[in-house]
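The residues making up each chain are set out below.
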Amino acid sequence: PKLRFYQKGIYYLTENTPFGEVGINTERLIADKYLSNHQGYETGLTFMNRLGLTTQLPRSRELATNTAKNGTRYDAKLEVVIRPPKVKITAENMLYLQILDAMEDFDKAPVDSDRPYLMMAQYIRKRELQYGALLAYADAYYGKNTLIHLAHTAREGGNIQRICIWIKTHSAYCWKMYTREPAI
(Lines give C-alpha, C1' and ligand atoms only; values in the text may rest on other atoms or scores of the structure.)
Protein backbone atom coordinates (compact mmCIF):
# COMPACT_ATOMS: atom_id res chain seq x y z
CA PRO A 1 0.00 0.00 0.00
CA LYS A 2 1.09 3.52 -0.80
CA LEU A 3 0.22 6.72 1.02
CA ARG A 4 -1.65 9.07 -1.32
CA PHE A 5 -2.77 12.69 -1.06
CA TYR A 6 -6.52 13.31 -1.53
CA GLN A 7 -6.94 16.96 -0.54
CA LYS A 8 -5.61 19.32 2.10
CA GLY A 9 -5.37 17.41 5.37
CA ILE A 10 -6.61 14.11 3.91
CA TYR A 11 -4.31 11.23 3.01
CA TYR A 12 -5.15 7.58 2.48
CA LEU A 13 -3.50 4.21 1.99
CA THR A 14 -4.13 2.53 -1.32
CA GLU A 15 -5.03 -1.11 -1.61
CA ASN A 16 -3.93 -3.37 -4.44
CA THR A 17 -6.49 -5.78 -5.87
CA PRO A 18 -6.46 -8.04 -8.94
CA PHE A 19 -8.25 -5.17 -10.74
CA GLY A 20 -5.68 -2.54 -9.81
CA GLU A 21 -5.22 0.05 -7.13
CA VAL A 22 -8.28 1.00 -5.06
CA GLY A 23 -8.58 4.61 -4.02
CA ILE A 24 -10.22 6.31 -1.09
CA ASN A 25 -13.69 5.23 0.05
CA THR A 26 -15.71 8.35 -0.77
CA GLU A 27 -18.80 7.18 1.16
CA ARG A 28 -16.73 6.89 4.33
CA LEU A 29 -15.13 10.25 3.62
CA ILE A 30 -18.56 11.90 3.18
CA ALA A 31 -19.73 10.30 6.43
CA ASP A 32 -16.61 11.37 8.34
CA LYS A 33 -16.57 14.89 6.93
CA TYR A 34 -20.27 15.81 6.97
CA LEU A 35 -22.42 13.24 8.79
CA SER A 36 -20.57 11.64 11.71
CA ASN A 37 -21.34 12.46 15.34
CA HIS A 38 -24.88 13.55 14.42
CA GLN A 39 -23.63 16.64 12.61
CA GLY A 40 -25.60 16.07 9.40
CA TYR A 41 -28.11 14.05 7.41
CA GLU A 42 -29.10 13.27 3.85
CA THR A 43 -31.91 15.43 2.49
CA GLY A 44 -33.47 16.46 -0.82
CA LEU A 45 -34.43 14.12 -3.65
CA THR A 46 -32.03 11.37 -2.57
CA PHE A 47 -33.72 11.04 0.82
CA MET A 48 -37.17 11.28 -0.76
CA ASN A 49 -36.17 8.50 -3.15
CA ARG A 50 -35.02 6.33 -0.22
CA LEU A 51 -38.45 6.83 1.35
CA GLY A 52 -40.12 5.78 -1.91
CA LEU A 53 -41.77 9.17 -2.46
CA THR A 54 -40.14 9.78 -5.83
CA THR A 55 -38.44 7.71 -8.48
CA GLN A 56 -36.26 10.62 -9.55
CA LEU A 57 -32.62 10.68 -8.50
CA PRO A 58 -30.57 13.86 -8.47
CA ARG A 59 -27.16 14.16 -10.08
CA SER A 60 -25.60 14.77 -6.67
CA ARG A 61 -26.63 14.03 -3.11
CA GLU A 62 -27.75 16.86 -0.84
CA LEU A 63 -26.67 16.97 2.79
CA ALA A 64 -27.75 19.27 5.60
CA THR A 65 -24.76 19.61 7.90
CA ASN A 66 -23.48 21.76 10.75
CA THR A 67 -20.18 22.09 8.87
CA ALA A 68 -21.85 24.22 6.15
CA LYS A 69 -21.20 27.63 7.65
CA ASN A 70 -21.45 29.93 4.63
CA GLY A 71 -24.63 28.82 2.91
CA THR A 72 -25.20 26.12 0.32
CA ARG A 73 -22.19 24.97 -1.71
CA TYR A 74 -21.14 22.12 -3.95
CA ASP A 75 -18.25 19.85 -2.93
CA ALA A 76 -17.01 18.89 -6.39
CA LYS A 77 -14.51 16.29 -5.17
CA LEU A 78 -17.19 14.31 -3.30
CA GLU A 79 -20.03 15.33 -5.64
CA VAL A 80 -22.38 16.41 -2.83
CA VAL A 81 -24.32 19.60 -2.19
CA ILE A 82 -23.97 20.71 1.41
CA ARG A 83 -26.23 23.24 3.05
CA PRO A 84 -26.71 24.53 6.55
CA PRO A 85 -29.63 23.10 8.53
CA LYS A 86 -32.59 25.16 9.79
CA VAL A 87 -31.19 24.80 13.32
CA LYS A 88 -28.03 23.16 14.70
CA ILE A 89 -28.30 19.40 14.24
CA THR A 90 -28.06 17.26 17.37
CA ALA A 91 -28.59 13.56 18.06
CA GLU A 92 -32.04 14.43 19.42
CA ASN A 93 -33.35 16.51 16.49
CA MET A 94 -31.60 14.96 13.47
CA LEU A 95 -34.36 12.57 12.35
CA TYR A 96 -37.04 15.19 13.03
CA LEU A 97 -35.32 17.79 10.86
CA GLN A 98 -34.68 15.22 8.12
CA ILE A 99 -38.34 14.22 7.78
CA LEU A 100 -39.48 17.85 8.00
CA ASP A 101 -37.04 18.76 5.21
CA ALA A 102 -38.69 16.08 3.08
CA MET A 103 -42.12 17.54 3.84
CA GLU A 104 -40.83 20.99 2.93
CA ASP A 105 -39.61 19.58 -0.41
CA PHE A 106 -43.06 18.14 -1.26
CA ASP A 107 -43.98 21.31 -3.16
CA LYS A 108 -40.68 21.42 -5.10
CA ALA A 109 -40.08 17.74 -5.83
CA PRO A 110 -41.80 15.38 -8.25
CA VAL A 111 -43.62 13.23 -5.68
CA ASP A 112 -44.98 10.29 -7.64
CA SER A 113 -46.03 7.96 -4.85
CA ASP A 114 -49.74 7.09 -4.71
CA ARG A 115 -49.89 7.60 -0.93
CA PRO A 116 -46.98 9.85 0.07
CA TYR A 117 -48.49 10.88 3.40
CA LEU A 118 -48.97 7.26 4.40
CA MET A 119 -45.36 6.51 3.50
CA MET A 120 -44.19 9.43 5.64
CA ALA A 121 -46.41 8.27 8.53
CA GLN A 122 -44.92 4.77 8.30
CA TYR A 123 -41.40 6.20 8.40
CA ILE A 124 -42.32 8.31 11.46
CA ARG A 125 -43.78 5.25 13.20
CA LYS A 126 -40.78 3.06 12.28
CA ARG A 127 -38.34 5.62 13.65
CA GLU A 128 -40.55 6.16 16.73
CA LEU A 129 -40.69 9.91 16.20
CA GLN A 130 -43.16 11.91 18.27
CA TYR A 131 -45.72 14.09 16.50
CA GLY A 132 -45.55 16.69 19.26
CA ALA A 133 -41.83 17.17 18.65
CA LEU A 134 -42.38 17.24 14.88
CA LEU A 135 -44.98 19.96 15.37
CA ALA A 136 -42.73 21.99 17.63
CA TYR A 137 -39.83 21.89 15.14
CA ALA A 138 -42.12 22.56 12.19
CA ASP A 139 -43.73 25.52 13.95
CA ALA A 140 -40.38 27.00 15.00
CA TYR A 141 -38.27 26.49 11.86
CA TYR A 142 -40.48 25.66 8.85
CA GLY A 143 -43.27 27.35 6.90
CA LYS A 144 -47.00 26.80 6.96
CA ASN A 145 -46.91 24.36 4.03
CA THR A 146 -44.70 22.03 6.05
CA LEU A 147 -47.21 22.19 8.89
CA ILE A 148 -49.99 21.34 6.45
CA HIS A 149 -48.03 18.36 5.08
CA LEU A 150 -47.41 17.21 8.65
CA ALA A 151 -51.15 17.41 9.42
CA HIS A 152 -51.96 15.31 6.33
CA THR A 153 -49.25 12.82 7.35
CA ALA A 154 -50.70 12.53 10.86
CA ARG A 155 -54.17 12.01 9.42
CA GLU A 156 -52.94 9.22 7.11
CA GLY A 157 -51.05 7.61 9.98
CA GLY A 158 -54.06 7.67 12.28
CA ASN A 159 -52.43 10.09 14.69
CA ILE A 160 -54.55 13.14 14.09
CA GLN A 161 -56.03 13.19 17.61
CA ARG A 162 -52.55 13.77 18.99
CA ILE A 163 -52.03 16.96 17.05
CA CYS A 164 -55.56 18.20 16.41
CA ILE A 165 -55.72 20.38 19.52
CA TRP A 166 -52.22 21.74 18.89
CA ILE A 167 -53.09 22.73 15.32
CA LYS A 168 -56.41 24.24 16.37
CA THR A 169 -54.84 26.38 19.08
CA HIS A 170 -51.61 27.33 17.30
CA SER A 171 -52.56 27.88 13.69
CA ALA A 172 -56.04 28.74 12.45
CA TYR A 173 -54.75 28.70 8.87
CA CYS A 174 -53.31 25.20 9.28
CA TRP A 175 -56.58 23.98 10.83
CA LYS A 176 -58.52 25.38 7.88
CA MET A 177 -56.14 23.68 5.45
CA TYR A 178 -56.27 20.39 7.38
CA THR A 179 -60.01 20.11 6.94
CA ARG A 180 -59.54 20.14 3.14
CA GLU A 181 -58.48 17.13 1.10
CA PRO A 182 -54.72 16.87 0.37
CA ALA A 183 -53.55 18.36 -2.91
CA ILE A 184 -51.18 15.45 -3.61
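The structure reproduced in this document is the subject of the present report. Small disclaimer: the values here were computed from a predicted structure and weren't measured.

### A word on the environment of Gln98
Here comes step 1: The topology assignment puts Gln98 in helix α3 (residues 94-105).
Here comes step 2: The sequence separation of Gln98 and Leu63 amounts to 35 residues, and the corresponding C-alpha distance is 9.8 Å.
Here comes step 3: With residues near it in sequence (within four places) discarded, Gln98 still touches Tyr41, Glu42, Phe47 and Tyr123.

### Comments concerning the pairing of strand β6 (residues 61-65)
Residues in a regular strand project their side chains so that they alternate between the two faces of the sheet.
Here comes step 1: Within β6, 4 of the 5 residues are buried, leaving the element largely enclosed by the surrounding structure.
Here comes step 2: Pairing between strand β5 (residues 40-43) and β6: 4 bridges, direction antiparallel. Bridging from a neighbouring strand, Thr43 pairs with Glu62 of β6.
Here comes step 3: Looking at chain direction, β6 and strand β8 (residues 80-83) are connected through 4 bridges and run parallel. Note on β8: the bridge partner recorded for Leu63 is Ile82.

### Quick word on the sheet that holds strand β7 (residues 73-75)
Here comes step 1: Here 4 strands make up an open sheet; going across it, the order is β5-β6-β8-β7 and the pairing mixed. The open sheet has two edge strands, β5 and β7, and neither has a second partner. Neighbouring strand axes in the sheet, compared pairwise and without regard to direction, differ in orientation by 35° on average.
Here comes step 2: Each of β5, β6, β7 and β8 touches helix α1 (residues 26-35); the most contacted strand, β6, lies at about 30° to it.
Here comes step 3: The strands touched by helix α2 (residues 44-51) within the sheet are β5 and β6, with β5 carrying the most contacts at an inclination of about 75°.

What counts, and where the lines are drawn
- Residues numbered from 1 in each chain as written.
- Predicted model: local features only at pLDDT ≥ 70, side-chain atom pairs only at ≥ 80, totals over all residues.
- Heavy atoms only, no water.
- Helix = DSSP H or I, 4+ residues; strand = E, 2+ residues; numbered from the N terminus.
- Contact = heavy atoms within 4.5 Å.
- Buried < 20%, exposed > 50% of the residue type's maximum accessible area, 1.4 Å probe, protein only.
- Pairing = 2+ DSSP bridges.
- Axes fitted to C-alpha atoms, helices over the stretch in contact; angles between N-to-C directions.

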